[in-house]
Amino acid sequence: MAHETMLAELDRRRNAAQRMGGEDKLAKRRERGQLNAQERLNALVDKGSFMEVGLLGASGVFESDIRSTPRDGKITGFGKIDGRDVGVVVNDFTTKGASTSATNSKKMGYIRKVCTEKGMPFLHIGESTGARLPDAMGSKGMGSLLGNDPTQFRRMRDTPWVAAALDTSFGSSAWLCCCADYAVMKKGSIMSVSSPRLVSMAIGEKVDLEELGGWRLHADQTGLIDHFVDTDEEAMAAIRHFLSYMPSHNGELAPDAPVPEGSGEDQEKILDILPEKRTQVYDMKKIVKIIVDRDSFLEIKPRFGKPAIVGLARLNGKVVGVIANNPQVGGGALSAEACRKIIDLTVLCDSFNIPIVRFMDTPGFVVGLDAERRGAPGHIMNFMNATSLTTVPSVTVICRKAYGRAYVAMGGGAQNDAMVAWPNAEVSFMDPVFATNIVKNLSPGQDGFEDALAEIQKDLEIWDMARIFSAHDVIKPQETRRYLIQMLDIQQRRRSKGLGQHLMRTWPTSY
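Only a predicted model underlies this, so the values are computations on that prediction, with no experimental measurement involved.

Chemist: A description of the overall build of the protein chain should follow, citing residues and the corresponding values.
Modeler: The number of helices and strands found in the protein chain is 20 helices and 16 strands. The globule rule puts the C-alpha radius of gyration for 511 residues at 24 Å, and the 26 Å found for the protein chain is close to it. Across the 511 residues that make up the protein chain, the buried fraction comes to 53%. For the protein chain, the share of sequence-separated contacts (at least 6 apart) that also reach a separation of at least 24 residues comes to 73%. Counting every atom, the protein chain has about 23,700 Å² of accessible surface; 53% of that belongs to carbon and sulfur. Counting 64 positive and 63 negative side-chain charges, the protein chain places the centres of these two groups 5 Å from one another.

Encoded structure:
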């Protein structure tokens, strides 16, 4: 009977914890079309794979809060995604707004620690109100809750971190998105340091939710979020999809995948997209999608830093990082935001042993008063530094324009393992129109301008660079896919079994 009593008590406690914040709160979520924490978890990991730890955790601060804090507001444990192990934290907003307190901090810290030590991705599904009040108030609260885990926000990129900002995401939900290698946000959600109520009290005026931390802010201006979705289910699917491109840790390679049927069949279509006129814009993204395996291009931060296109893709089943200029926005001139976006992708790839392919077509960096106020020189030098620190295989393709310092930052010169150009490529220190004005003091429309421009342009063609072997070859655009597949196979790091040196593993995840 004693055994039966003890086991029954365990079952009672387990059942109480699994009820989360109670049926009333769960019903309200269903009415609003929101998944609860358990439903999000079910959509995230492989069916039947989750092993929970900390189910019986509850508030360790106030005895009166024990019954109202099942799991202390966070589901933590280990599961599998496509058969690979992951560590997971899913916030339960029905329990005190998933606020951070002593017990759940220990639970999250344990998951992070195991993920780092054992080589598993760490996933954080955020919806939270921030630190729990009054637990964190006063010197005892601060001494108990803050600053006791020096590894809490340390990023050494040992394993991939992925985070989601869903609905109300303040405090830790925002912190983990900013620390993550890949962050997903649901439209209609808000991600910010503090709640609108607290911010309104601090500044003495009402704050608009969207302006404070809405998805458009993060998509267009901050660049803190990589992908945006409409539903919780789409957020979980996006996380699973991203992880399919990533190794479990930085000591292994990303998994290969079967080559989709029809990949590589449309290479001649590149010539239909690439204009013959040097001043005409075109859709670089369409060219990238033709070259990589069919339907494999995962674009990252599509609305941020639009003069650049970055993402992950596959070539012949193997994962590559893609960095490309976007002539449709500012002619491909690189803004501070575009530099940041390219740096982020470069750091991600170098940290997790993913080769990089660059498609270059840029007249240089954005200049002007606004660019200087945004700290353009600093972003450009960060860009140069990241390019020079890259230790994974990288191949640069000069598609058209390659001017000035941007040529080097985009992997020109010796900043690569191999560099080729298309026959229409043009390389110089400056756009020939500007150079004609500076050298000849002539502007478009003036007598003699066209002749002077033609004289300067004749030195731009790629043949001279190929002649001195600064470009390793000139290839037809439709030969690019085959060339990249073969060259990346040659350039793979055999002595290190494909692993890079991870020189940027401590680069900030947001800045």
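Now, onward.
Chemist: Now, about the environment of Lys301: what can you tell me, with residues and values included?
Modeler: By the element assignment, Lys301 lies in the loop between β9 (298-300) and β10 (308-315). Using a relative accessible area of 6% as the deciding quantity, one classes Lys301 as buried. Lys301 sits 69 residues away from Asp232 along the chain, and the two C-alpha atoms are 19 Å apart. Separated by 2.7 Å, the side chains of Lys301 and Asp226 make a polar contact.

Chemist: Please provide a residue-by-residue account of helix α10 (residues 232-243), values included.
Modeler: Between the first and last C-alpha of α10 there are 17 Å, a value that for 12 residues agrees with the 16 Å anticipated at 1.5 Å per step. Inspection of α10 places Asp232, Ala235, Met236, Ala238, Ile239, Phe242 and Leu243 among the buried residues, and these make up the whole buried set. The arc that holds the buried residues of α10, viewed along the axis, is 155 degrees, so those residues lie on one side.

Chemist: An account of the environment of Val433 is requested, with residue identities and associated values reported.
Modeler: Examined against the element boundaries, Val433 turns out to sit in helix α17 (residues 432-440). A relative accessible area of 24% means that Val433 is categorised as partly exposed. Expressed as a C-alpha distance, the spacing of Val433 and Leu453, which sit 20 residues apart in the sequence, is 6.6 Å. Discounting residues that sit within four places of it in the chain, Val433 has contacts with Pro444, Phe449 and Leu453.

Chemist: I'd like a rundown of the packing of helix α3 (residues 37-44) against α10, residues and numbers included.
Modeler: Orientation of α3 relative to α10, taken along the N-to-C sense of each, is 40 degrees, at an axis distance of 9 Å. α10 is crossed by α3, and the crossing has right-handed handedness. In contact with Arg40, Ala43 and Leu44 of α3, α10 contributes Asp232, Met236, Ile239 and Arg240. Among the residues forming the contact of α3 with α10, the class breakdown is four nonpolar, no polar and three charged.

Chemist: Which residues make up the nonpolar core, and what are the values?
Modeler: Leu312 and Leu334 are the most contacted members of the largest nonpolar core, which has 70 residues in total. At eight residues, helix α13 (residues 336-351) tops the list of elements feeding residues into this core. Those residues in contact with Leu334 that sit more than four places away from it in its chain are Pro307, Ala308, Asn325, Cys339, Ile342, Thr362, Gly364, Phe365, Val366, Phe383, Ala406 and Met410. Ile309, Ala313, Leu484 and Leu488 belong to the second-largest nonpolar core, a separate cluster that totals 29 residues.

Chemist: Quick one: what's the story with a nonpolar patch on the surface, residue by residue and with numbers?
Modeler: Together, Phe153, Trp175 and Val193 make up an exposed nonpolar region whose accessible area comes to about 290 Å². Here Trp175 lies in helix α6 (residues 172-179). Its relative accessible area of 36% is what places Trp175 among the partly exposed residues.

Chemist: Can you tell me about the packing of aromatic side chains, naming the residues and giving the values?
Modeler: What the rule picks out here adds up to five aromatic pairs. A centroid spacing of 5.5 Å and a plane angle of 55 degrees characterise the contact between Trp215 and Phe228, whose relative ring orientation is tilted. With Trp215 in helix α9 (residues 215-222) and Phe228 in strand β8 (residues 227-229), this pair connects stretches of sequence that are 13 residues apart. For the pair shown, Trp215 and Phe228 are each scored as buried. Lying across the ring of Tyr245, Arg314 places its NZ or CZ 4.5 Å from the centre.

Chemist: So, the pairing of strand β14 (residues 418-421): which residues are in play, and what are the values?
Modeler: What you see with β14 is no split at all: Ala418 and Val420 on one side and Met419 and Ala421 on the other are buried throughout. Strand direction decides the pairing type here: strand β13 (residues 394-403) and β14, joined by four bridges, are parallel. Each residue of the ladder has a partner; that of Val395, found in β14, is Ala418. Note on the crossover from β13 through helix α16 (residues 404-409) to β14: the handedness is right-handed. In terms of strand pairing, β14 meets strand β16 (residues 473-474) through two bridges, oriented parallel. Paired with Val420 across the bridge in β16 is Asp473.

Chemist: Account for unusual backbone geometry, naming residues and giving values.
Modeler: For the peptide bond that leads from Leu133 to Pro134, omega is 10 degrees, which places it in the cis range. Tracing the chain through its elements places Pro134 in the loop between β4 (122-128) and α5 (138-145). In this structure, Lys301 is a non-glycine residue whose phi angle is positive, near 50 degrees. Within the chain, Asn353 stands out as a residue other than glycine whose phi angle is a positive 65 degrees. Assignment of secondary structure puts Asn353 in the loop between α13 and β12 (356-362). A residue is classified by how much of its surface remains accessible, and Asn353, at 5% relative accessible area, is buried.

Chemist: Can you tell me about the pattern of salt bridges, naming the residues and giving the values?
Modeler: This structure, assessed with the given rule, holds 33 salt bridges. In this structure, Asp82 and Arg240 form a salt bridge, with 3.1 Å as the shortest nitrogen-oxygen distance. Here the residue Asp82 occupies a position in the loop between β2 (74-81) and β3 (84-91), and Arg240 occupies one in helix α10, the gap between them amounting to 158 residues. For Asp82, a relative accessible area of 52% translates into the label exposed.

Chemist: Tell me what's going on with the environment of Gly141, and back it up with residues and numbers.
Modeler: Following the sequence through the fold, Gly141 ends up in helix α5. Classification of Gly141 as buried rests on a relative accessible area of 5%. For the pair Gly141 and Ala102, spaced 39 residues apart in sequence, the C-alpha to C-alpha distance is 9.3 Å. In contact with Gly141, other than residues within four places in its own chain, are Asp135, Ala136 and Leu146.

So, how was this worked out
- Residues numbered from 1 in each chain as written.
- Predicted model: local features only at pLDDT ≥ 70, side-chain atom pairs only at ≥ 80, totals over all residues.
- Heavy atoms only, no water.
- Helix = DSSP H or I, 4+ residues; strand = E, 2+ residues; numbered from the N terminus.
- Rg over C-alpha atoms; globule rule 2.2 N^0.38 Å.
- Buried < 20%, exposed > 50% of the residue type's maximum accessible area, 1.4 Å probe, protein only.
- Contact = heavy atoms within 4.5 Å.
- Areas by Shrake-Rupley, 256 points an atom, 1.4 Å probe, with all protein chains shown as cover.
- Lys, Arg positive; Asp, Glu negative; His and termini not counted.
- Charge placed at Lys NZ, Arg CZ, Asp CG, Glu CD.
- Polar contact = N/O pair within 3.5 Å; in protein donor to acceptor, adjacent residues only side chain to side chain.
- Expected span 1.5 Å × (residues − 1).
- Arc of directions from axis to C-beta.
- Axes fitted to C-alpha atoms, helices over the stretch in contact; angles between N-to-C directions.
- Left-handed = near helix turned anticlockwise from the far one by under 90°.
- Nonpolar A, V, L, I, M, F, W, Y, C, P; charged D, E, K, R; others polar.
- Core = buried A, V, L, I, M, F, W, Y, C linked by side-chain atoms within 4.5 Å.
- Patch = residues over 30% accessible without salt bridge, like charges linked within 9 Å, V, L, I, M, F, W, Y side chains within 5 Å.
- Salt bridge = Lys/Arg side-chain N within 4 Å of Asp/Glu carboxyl O.
- Phe/Tyr/Trp six-rings, centres within 6.5 Å; stacked < 30°, edge-to-face > 60°.
- Lys NZ or Arg CZ within 6 Å of the ring centre and 35° of its normal.
- Pairing = 2+ DSSP bridges.
- Right-handed = clockwise from strand over helix to strand, strands pointing away.

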